[in-house]
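Observations on chain architecture
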Amino acid sequence: MELAPGVLTWSLLAVAGINLAISVIAVRRKEVRGAVPFAVIMVFVSLYSVGTAVRAASLTLSSYRVGTIIKYAGILGLGPAQLWFGLTYTGRNSLLDSRRWAALLVLPLGVFALVLTAPAHDLLWNVEGFVTAAPAAAVAREGSPVLWLTFIYHFALAVATYILIALVGINRGGKYRTQVILMLIGGITPTIGAVALLSSRNLTAAWDPTAFAFTITGVVFAVALFRYNFLDLIPVARHTLIDEMTDPVFVVGPDGRIVDVNEAGREILGGQETDPIEREAAALLPAYDSLESDSDGYNSVVEVETDGEVQFFDAKKTTLTDRMGTTIGSLFIYRDVTERHSIERRYKRLIERSAHTVSVIDKSGTITYVSQSVEEALGYEPTELVGENLTKRIHPEDREEIISELSKYGEEYGYSSTYKARFRNADGEWRIMEARARNLLDDPFVEGIVLNSHDITEKQQQKRKLERQNQRLDKFASIVSHDLRNPLTVAVGHLELLESEVTDEHDGSIETVQRQLDRMEDIIDDSLTLARSGETVTETSETDLEAIARDAWKNVDTGEATLVVEETLHLQSDSGRLLNVFENLFRNSVEHNESTDLTVEVGSMSGSSGFYIEDTGVGIPADAREQVFEEGYSTNKDGTGFGLAIVRDIVQAHGWELSVTDGAEGGARFEVELAERRELM
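Here's what I pulled together on the structure shown here. By convention here, each chain's residues receive numbers from 1 onward along its written sequence. Since the coordinates come from a predicted model, pLDDT governs what is reported: local features require at least 70, and pairs of side-chain atoms require 80 or more to be given and counted, while whole-chain, interface and lining totals use all residues. With hydrogens and water stripped out, all remaining heavy atoms of the structure feed into the side-chain values.

**Section: helix H17 (residues 575-591)**
What counts is decided by this rule: By the criteria applied, helices consist of DSSP H or I runs no shorter than four residues and strands consist of E runs no shorter than two, each listed in order from the N terminus. In this scheme, a helix's expected span is set at 1.5 Å multiplied by one less than its residue total. The buried label goes to any residue with under 20% of its type's maximum accessible area, the exposed label to any with over 50%, and the partly exposed label to all in between, with areas taken from a 1.4 Å probe on protein chains only.
The end-to-end C-alpha distance of H17, which contains 17 residues, comes to 24 Å, matching closely the 24 Å that a straight helix rising 1.5 Å per residue would cover. Here H17 lies mainly inside the structure; 12 of its 17 residues are buried. Restricting attention to buried positions, one finds in H17 the residues Arg577, Leu578, Asn580, Val581, Phe582, Glu583, Asn584, Leu585, Phe586, Asn588, Ser589 and Val590.

See the structure below:
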């Protein structure tokens, strides 16, 4: 191969050397995504320059043909290599699978085969021989349509590549936009040179401006490589991973400056006038210095105020490394937890402000959490009790029972129970606490036994006071009843003796005395019942409404009246005293109405909120409905006037409400509203 290199040849070889050097640098960073296609581009550019240099120095046609083969190896490889880089840079590698790549390379490989066999045919060009000697050798030839199709094909690949890259610059800001501008400059420059060469229609010219323009491409890409680290920050699938995320995302370079941020991230920065790209992350990112890298989860709650509103974020920092393990930056993600934080604060506030104290203990009884309300209830600061065993402050006489209870909780998840115990407060006093406990040891968010407790000391004291009052009242009623019954019994006995001694003319007087003595006995019985009816109900049991109504009906002389029970109800009551309510109401209906056609109905009120007793009699006038419950009020000359007063007191002792109104058929209807809704049976 005969060559005579001149200035042009050496210049082209220098350009090729520069491009190869850039390729070597890229290969050394092959662990970075995109480095390999960039290095391949530089190799093909170098081949283009070397082939052009050989052609310029050729003294013979055979040497010129060698240079042409080398040059076309570079030309035919550039288009696919550029497309490869463009797809890698924009994260669209999946667009071309192996079959599509094979189809894409059919034309370049076919044309290269024609280049190798060019002397044997005229499919690419028709060579007419040397026109100019070295150092600017050239040949006279005419290109075929296949050659022009080849150039169009490669121009199309180049245009597609730089459109893909340009879209990144349009959709991204900051450093990506700078990278894209540099690459577009590097890509457009040789394209302009190629267009100039093609427009001259002298494809064999030694002074090929495209070869020198590719040197500009290499230099510009090198600037992007070293100054802007575009291979370290390739936006692979960025649209999916960052732009579409509603969580703020920041990418920070190894120098501590922000290199990328999505729209959500810009929003939490408060809409600053200056672009956050290239600014110090420590001055902008919330909790930047306090975040730990690469923790398993979000490790900090950050409070951010934007536009006068406070938002809360869980923050996470992840170290970014290349394939060699070298740190190339950090990724910061801020997950908006404002709603969750508000809910947590609401529940925390509810627990803290609750009159009940919420505590959590472990299986051994050690307190792991106690709500702030313990300060008001017992006088302790929560921190005083956390870490202490619960049984330490329980009364010695109650301790064994509580320990026994706690042992049950460790066996069954969800087990719950209620118990009472005396607990020493901060002043050393014993307070009676009632606690509802539930085993949540296996709940990962609790991991303990939850106690919901409240102070019932005053309630217990009041209960004991009422019990003592009831006992004294019972004793007083018994004494009064006993002291009155003794002389009454003596009077009845003497009246019986007197009946046999007096004449018939005194029978009316004897009958009157007997009636008054019977009335006195009724008054004593009703007075005793009335005295006991006002006692507060402290012990209750489940009572069936229908069963107790039918028992009371049997206990009363109801004549020919009929009892109807429409709907039963289960309720908690003192069944003995409730029986007295029904007896008095039934007796009241029978005594004030003719029993022949009388019907008394018992049933549950709407929504099971209570029960009613209704008759079909004459009813109670509206202006007398408040008086009927007063002691001694009666429209029956033989009545004591205590029956409905007894009903009133017993109902009130249960905590219920009593009222009277008209029945459906004009009779009297007594309604009892319960303190709580009961279940219909």
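**Comments concerning the environment of Ser364**
You can see Ser364 is positioned in the loop between strand S8 (357-361) and strand S9 (367-370). Considering only alpha carbons, one finds Ser364 and Gly448, 84 residues apart in sequence, at a separation of 9.9 Å.

**Describing the nonpolar core**
To keep things clear, this is the line we draw: To form a nonpolar core, buried Ala, Val, Leu, Ile, Met, Phe, Trp, Tyr and Cys residues must be joined to one another through side-chain atoms within 4.5 Å. The contact criterion used is simple: two residues touch if any of their non-hydrogen atoms lie within 4.5 Å.
Formed by 36 residues in total, the largest nonpolar core has its most connected members in Phe582, Phe586, Val602 and Phe611. Within the residue set of this core, elements represented by two or more residues are helix H16 (545-555), strand S14 (562-565), H17, strand S16 (599-604), strand S17 (610-615), helix H18 (643-653) and strand S19 (668-673). Of the residues forming this core, the biggest block, 6 residues, is contributed by H17. Those residues in contact with Phe582, other than ones at most four positions away along the chain, are Leu545, Ile548, Ala549, Ala552, Val602, Phe611 and Ile613. Judged by nonpolar contacts, the second largest core, of 19 residues, contains Val374, Leu390, Phe423 and Ile449.

**Some points on the sheet that holds S17**
Two pairing modes exist for strands in a sheet, parallel and antiparallel, and in both the strands are linked by backbone hydrogen bonds. Stated precisely, the cut-off is as follows: A pair of strands is treated as paired once DSSP finds two or more bridges between them. Helix axes are fitted only over the stretch in contact, all axes being lines through C-alpha atoms; the angle between N-to-C directions runs from 0 to 180 degrees.
Taken in spatial order, the 5 strands of this open sheet run S14-S16-S17-S19-S18, and their pairing is mixed. Where the open sheet ends on each side, the last strands, each with one partner, are S14 and strand S18 (657-662). Across this sheet, the average inter-strand angle for adjacent strands is 15°, counted without regard to direction. Running over the sheet, H16 touches S14, S16 and S17 and is turned about 170° from S14. Against the sheet, H17 makes contact with S14, S16, S17 and S19, and its axis sits at roughly 25° relative to S17, the strand it touches most.

**Section: the pairing of S8**
By the criterion of burial, S8 is predominantly enclosed, with 5 of the 5 residues buried. Every second residue of S8 is oriented toward a common face, with Thr357, Ser359 and Ile361 on one face and Val358 and Val360 on the other, all of them buried. Of the strand pairs in this sheet, S8 and strand S12 (residues 448-455) are connected by 5 bridges, and their pairing is antiparallel. The partner of Val358 across the bridge, within S12, is Asn452. Bridge count between S8 and S9: 3 bridges; the pairing is antiparallel.

**Focus: unusual backbone geometry**
Unusually for a residue other than glycine, Glu278 sits at a positive phi of about 75°. Residue placement: Glu278 occurs in the loop between helix H9 (263-268) and strand S5 (300-306). Residue class for Glu278 comes out partly exposed when judged on its relative accessible area of 30%. Within the chain, Ala287 stands out as a residue other than glycine whose phi angle is a positive 55°. Topologically, Ala287 is positioned in the loop between H9 and S5.

**Here's the deal with the sheet that holds S8**
If you trace the 5 strands from one edge of the open sheet to the other, you get S9-S8-S12-S11-S10, paired in antiparallel fashion. Of all the strands in the sheet, just S9 and strand S10 (416-424) have a single pairing partner and so form its edges. Across the sheet, the mean angle separating the axes of adjacent strands is 30° when strand polarity is ignored. When strand S11 (residues 430-440) meets S12, the two strands line up antiparallel, connected through 8 bridges. Opposite Met433, over in S12, you have Asp455 as the bridge partner.

**Points about the packing of aromatic side chains**
Rules: Paired rings are identified among Phe, Tyr and Trp, the last through its six-membered ring, by centres lying within 6.5 Å, and are further divided according to the angle between planes into stacked (under 30 degrees), edge-to-face (over 60) and tilted (the rest). Cation placement over rings: the criterion is NZ of Lys or CZ of Arg within 6 Å of the ring centroid and within 35° of the ring normal.
In total, this model carries 8 aromatic pairs according to the counting rule given. Centre to centre, the rings of Phe582 and Phe611 are 5.6 Å apart; their planes meet at 20°, and the pair counts as stacked. Taken together, the residues Phe582 in helix H17 and Phe611 in strand S17 connect sequence positions 29 residues apart. Taken as a pair, Phe582 and Phe611 share a single burial class, namely buried. Cluster of aromatic residues (ring-pair linked, three or more members): Trp553, Phe582, Phe586, Phe611 and Trp656. The residue whose ring lies beneath Lys317 is Tyr288, and the NZ or CZ to ring-centre distance is 5.9 Å.

**A few points about helix H3 (residues 61-89)**
Along its 29 residues, H3 runs 42 Å from first to last C-alpha, staying within 8% of the 42 Å computed at 1.5 Å per residue. By the criterion of burial, H3 is predominantly enclosed, with 21 of the 29 residues buried.

**Details of the pattern of salt bridges**
Proximity of charged atoms lets side chains of opposite charge pair with each other. Here is the rule we go by: Here, a salt bridge means any side-chain nitrogen of Lys or Arg that lies within 4 Å of a carboxyl oxygen of Asp or Glu.
Enumeration over the complete set of coordinates arrives at 12 salt bridges. Notably, a salt bridge pairs Arg669 with Glu671, separated by 2.7 Å at the nearest N-O pair. With respect to class, Arg669 is no different from Glu671; both count as buried. One salt-bridge network, held together by shared partners, links Glu397, Asp398 and Arg422.

**Things to note about the packing of helix H2 (residues 35-57) against H3**
This is how it is decided: When an angle is under 35 degrees it counts as roughly parallel; over 145 it counts as roughly antiparallel; between 65 and 115 it counts as roughly perpendicular; any other value is oblique. Left-handed describes a crossing whose near helix is turned anticlockwise from the far helix through less than a right angle; right-handed describes the clockwise counterpart. Note on residue categories: nonpolar means Ala, Val, Leu, Ile, Met, Phe, Trp, Tyr, Cys or Pro, charged means Asp, Glu, Lys or Arg, and polar means any other residue, Gly included.
H3 packs onto H2 with a crossing angle of 160° between their chain directions and a minimal axis gap of 7 Å. When the axes of H2 and H3 are compared, the pair comes out roughly antiparallel. The two elements H2 and H3 meet at a crossing, and its hand is left-handed. Partitioned by chemical class, the residues of the contact of H2 with H3 number 19 nonpolar, 9 polar and 2 charged.

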